[in-house]
Each structure stands twice: as C-alpha cells, then as structure tokens.
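Here is how the chains run, residue by residue.
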Amino acid sequence: MILNLLTAIAGAVAARYWYRSSKVPYPDNLHSITPLGGPGIVIIEPLLKAVREGGRLNKIAASWSAVAAFLVALSALAAR
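These figures come from a predicted structure and were not determined experimentally. (Residues numbered from 1 in each chain as written. Predicted model: local features only at pLDDT ≥ 70, side-chain atom pairs only at ≥ 80, totals over all residues. Heavy atoms only, no water.)

Trainee: I'd love a proper account of the overall build of the chain, names of residues and values included.
Mentor: Across its full length, the chain carries two helices and two strands. Secondary structure of the chain in N-to-C order comes out as α-β-β-α. Taking 80 residues into account, the globule formula puts the C-alpha radius of gyration at 12 Å, and the chain, at 21 Å, lies well above it. When its C-alpha atoms are laid out on the principal axes, the chain stretches across 75 × 15 × 10 Å. (Helix = DSSP H or I, 4+ residues; strand = E, 2+ residues; numbered from the N terminus. Rg over C-alpha atoms; globule rule 2.2 N^0.38 Å.)

Printed below as a string of structure tokens:
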C-alpha cells in the first residue's frame, strides 16, 4: 500500500514537471544586428536560455518518471 502511494506521488511530481516544461515561454522577438556591410546576425541567447530551461525541466520529469516505474515494479514484486 505504501509503495502504491509513493508511486502515485512520484507520478504526480513527474507530471507536474512535464507540464512545466511544456509551458516554458519562448521569445517571439529575437533581435538582430547588422554589422557595416555584413550579413545580419540574430541574437539567440534568449532562445537558448528557454531551450536550456525546458531541457532541465524535462530531465527532472524523466527522473521522477523512472522513480515511479521502479516503484511500480517493486509494488508488483511485493504483491507476489
């Protein structure tokens, strides 16, 4: 029973992080710089920052999902 409760909690935490990773705001207006006579350069640092944050949250969510899967396996073995 305790393992089932822990599994549900781990799954809920994972779901929360998956949701948060899907809501990371991405910039819609990237700034560009055009040097004298050269091609335009787009400043993508805000985009990279958003991608890194989404990746960080996905990594946490995947870890919690793995914990939930492990607890399900333990629960199944304990029920035998």
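Trainee: So what about helix α2 (residues 45-78)? Which residues, and what values?
Mentor: Taking 1.5 Å of rise per residue, the 34 residues of α2 would be expected to cover 50 Å, and the 49 Å separating its terminal C-alpha atoms lies within 8% of that figure. Residues of α2 that are buried include every one of Ala 50, Gly 54, Leu 57, Ala 61, Ala 68, Leu 71 and Ser 75, and no others. Residues of α2 that are buried in the fold lie against α1 (2-22). (Expected span 1.5 Å × (residues − 1). Buried < 20%, exposed > 50% of the residue type's maximum accessible area, 1.4 Å probe, protein only. Contact = heavy atoms within 4.5 Å.)

Trainee: Break down the nonpolar core for me, citing the residues and quoting the values.
Mentor: Note that soluble globular proteins tend to have their nonpolar side chains buried in a common cluster. Formed by Tyr 17, Val 24, Ala 50, Leu 57 and Ala 61, the largest nonpolar core amounts to five residues. No other element matches α2, which puts three residues into this core. What Leu 57 contacts, discounting residues up to four positions off in sequence, is Tyr 17, Arg 20, Ser 21 and Val 24. (Core = buried A, V, L, I, M, F, W, Y, C linked by side-chain atoms within 4.5 Å.)

Trainee: Would you mind going over the side chain of Ser 75 in detail, with residue names and values included?
Mentor: Secondary-structure assignment places Ser 75 in helix α2. A distance of 2.7 Å separates a polar atom in the side chain of Ser 75 from a polar atom in the side chain of Asn 4. Apart from the residues within four sequence positions on either side, Ser 75 is in contact with Leu 3 and Asn 4. (Polar contact = N/O pair within 3.5 Å; in protein donor to acceptor, adjacent residues only side chain to side chain.)

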